[in-house]
Amino acid sequence: MKGWWRSEMKNLSSLKFSFSDDQEEEHFVRFVDQVLRQRGNRKLDSFSLTLNDEIDGGFVTHLVDYPLDNGVEKLKLSIYDIKGNFQLSSRVFSQATLVTLKLATNRSLIWINGDDVAAAHLPCLKTLWLDDVLVADVKVFVRLLSRCPILEELVMIDMKWHNWEACFVVSASLRRLKIVWTDYVEMDEYDRCPQSVLFDTPNVLYLEYTDHIAGQYPLLKFSSLIEAKIRLEMIDEKEEEDEGQEVIVGDNATAFITGITSVRKLYLYANTIQVLHHYFDPPIPEFVYLTHLTIQSDKELGWDAIPELLSKCPHLETLVLEGLFHLATDVCGDVCPCRRNMEQAISYLVKSPVTHLEIYEGVVGKKRGEVTEDAARFGEQVRWFLMRMLHLQQVKIYGQTEDSVTALYDIATELRRLEGKASPNVQISVLQA
């Protein structure tokens, strides 16, 4: 049996190690050393290391050298705890065989400075993932990207680039770009916006972007963009000033939104809708190619920008609403019945080319039951759409819970019987999200 085990170790092309607080460090180190000795120095396709509890930094440095010495193609290092001295080897950034590199950490346990990328050379790298990794400054970041000539996917999570002089993403090869903040690191913790954000990424097809509005956007090159998911926020200037903090706020989002108008499929967070209304120089530009639009709602935020936004989507086919409940205002137009203004002549819904309407009773994945909270209000909003949207062919309503779905069936039954629908033959269906 032992001979079989040793033989199998030699044939392994992928290694995955994980250390947590329910393991003894001595046993883990001994096991890893044994595996590496048995496997020897053979070509390695994939190597993954996850550390969720303190372990000696010297051992980790030695361990990371192993995949680098054996021509690894996919390297994933998730270092969330460590003890003693540890510095990620600069060899990681000159590994000619790497196709995928994923670095994840917290508390700046992994950081990249100028010396690390001075000799960077990643000719085969297609995916680069930086999760809470501390990059010294924009020069280091630009240098790193410039040494990845065929990079196709870049993921940056909780990058904290607000303190850089400028934030540049420059790559002609990129196809997917994701820059986001997680729930673990709240954007509100930072009292300044990026001073300058530049995207020279002409071949990006998918963009997911979360950030505060920047001070300026000197260049936005998204000429190939097909799909985008955008969450823009504004720093609460008054709140920060009340706390006696120096505040650096952005100008407005006009340049950024104008830079993504070639998109075909767009997801806008509720915060972004607010930014469109309060921090945008009108008019909203036309989204000529947009056919699929998703809008997230929030009960504490208004729909003020939605009427004009819909009017600037002349070829929109599918409208998805994640939640219908929102803050009632005087400028929702006729997209909702919250505060009716019978003298208002603007008819955005009547002019809308939308044929497919999908409605969720809240943000997808979150159990916020709007239907069980106020079925009458929910039904009235859906009815508002049906009575005005001339080109509707199909309406799909998604419930988050079994109780919601049951309530929605009753609402849908009433809506099917509704007389005077703008599109008489519209089909209405209820599903569970």
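Every chain begins its residue count from 1, and numbering advances along the sequence as written. Note on the predicted model: pLDDT of at least 70 is required for a residue's local features to be given, and 80 or more for side-chain atom pairs to be given and counted; whole-chain, interface and lining totals, by contrast, use all residues. Neither water nor hydrogens contribute to the side-chain values; these are computed over all heavy atoms in the structure.

An unreviewed UniProt entry annotates the protein as Protein with RNI-like/FBD-like domain originating from Arabidopsis thaliana.

Caption draft 1: Focus on the overall build of the protein. Only runs of H or I of at least four residues qualify as helices and only runs of E of at least two qualify as strands under DSSP, and these elements are numbered from the N terminus. Tallying secondary structure elements over the protein gives 13 helices and 20 strands in all. Counting only contacts in the protein whose residues sit at least 6 apart along the sequence, the fraction spanning at least 24 positions is 74%. Total accessible area computed for the protein in this model is approximately 20,200 Å², and 46% of it derives from carbon and sulfur atoms. Throughout, a contact is declared for two residues whenever any of their heavy atoms are within 4.5 Å. Surface accessibility in these figures is a Shrake-Rupley result with a 1.4 Å probe; residues are shielded only by whichever protein chains are displayed.

Caption draft 2: Representation of the pattern of salt bridges. Throughout this description, the term salt bridge denotes a Lys or Arg side-chain nitrogen within 4 Å of a carboxyl oxygen of Asp or Glu. Following the criterion strictly, the structure yields twelve salt bridges and no others. A salt bridge links Glu73 to Lys43; the shortest N-O distance between them is 3.2 Å. Here Glu73, found in the loop between α3 (57-69) and β3 (74-79), pairs with Lys43, found in the loop between α2 (25-39) and β2 (46-51); they are 30 residues apart in sequence, far enough to count as distant. In this structure, the salt-bridge partner of Asp65 is Arg91, at a minimum N-O distance of 3.3 Å. Taken together, the residues Asp65 in helix α3 and Arg91 in the loop between β3 and β4 (100-105) connect sequence positions 26 residues apart. Only protein chains enter the calculation, and the probe is 1.4 Å; a residue is then buried if its accessible area is under 20% of its type maximum, exposed if over 50%, and partly exposed in between. Of the residues examined, Asp65 reaches a relative accessible area of 22% and is grouped as partly exposed. Judged by its relative accessible area of 30%, Arg91 falls in the partly exposed class.

Caption draft 3: Structural view of empty space enclosed by the protein. Lining residues are defined by having an atom within 4 Å of a point belonging to a cavity or pocket. Those points lie on a 1 Å grid over the protein atoms alone, cavities being sets where a 1.4 Å probe fits but cannot get out and pockets being open sets with protein on both sides within 12 Å along at least five of seven lines. Grid points are joined across faces, edges and corners, and a volume is the space filled by probe spheres set on the points. Counted by the stated rule, this structure contains two cavities of 30 Å³ or more. Of the volumes computed, that of the largest cavity is approximately 50 Å³. Lining of the largest cavity is provided by Met156, Ile157, Asp158, Met159, Lys160, Trp161, His162, Ile179, Val180, Trp181, Thr210 and Asp211. Counting only elements with at least two residues in the lining of the largest cavity, the list comes to β8 (153-157), β10 (176-180) and β12 (206-212). Looking at side-chain class alone, the lining of the largest cavity contains seven nonpolar, two polar and three charged residues. Space inside the second largest cavity adds up to approximately 40 Å³. Three categories are distinguished: nonpolar for Ala, Val, Leu, Ile, Met, Phe, Trp, Tyr, Cys and Pro, charged for Asp, Glu, Lys and Arg, and polar for the others, with Gly belonging to the last.

Caption draft 4: Spatial organisation of unusual backbone geometry. For the peptide bond that leads from Pro282 to Pro283, omega is 0°, which places it in the cis range. Relative to the elements of secondary structure, Pro283 occurs in the loop between α8 (270-278) and β16 (292-296). Backbone geometry places Asp158, a non-glycine residue, at a positive phi of 50°. Position of Asp158 relative to the elements: it lies in the loop between β8 and β9 (167-170). Look at Asp158 and you get buried, because its relative accessible area is 3%. The phi dihedral of Lys160 is positive, around 55°, even though this residue is not glycine.

Caption draft 5: Quick look at helix α13 (residues 402-416). The terminal C-alpha atoms of α13 lie 21 Å apart, and with 15 residues this matches the ideal 21 Å at 1.5 Å per residue to within 8%. Along α13, the residues that are buried comprise Ser404, Val405, Leu408, Ile411, Ala412 and Leu415. Buried residues along α13 cover an arc of 120° about the axis, so they all sit on one side. Facing away from the buried side of α13, by more than 90 degrees, are the exposed residues Glu402, Asp403 and Glu414. Packed against the buried residues of α13 are α11 (370-373), α12 (375-386), β19 (394-399) and β20 (427-432). The length a helix should cover is 1.5 Å for every residue beyond the first. Comment: arc refers to directions from the helix axis out to C-beta atoms.

Caption draft 6: Seen up close, the pairing of strand β6 (residues 127-131). Counting buried positions along β6 gives four out of five residues, so the element sits mostly inside the fold. Across five bridges, β4 lies against β6 in parallel orientation. Within β6, the position partnered with Lys102 by the bridge is Trp129. As judged from the five bridges shared by β6 and β8, these two strands associate in the parallel manner. Paired with Leu130 across the two strands is Met156, which belongs to β8. Any two strands between which DSSP finds at least two bridges are classified as paired.

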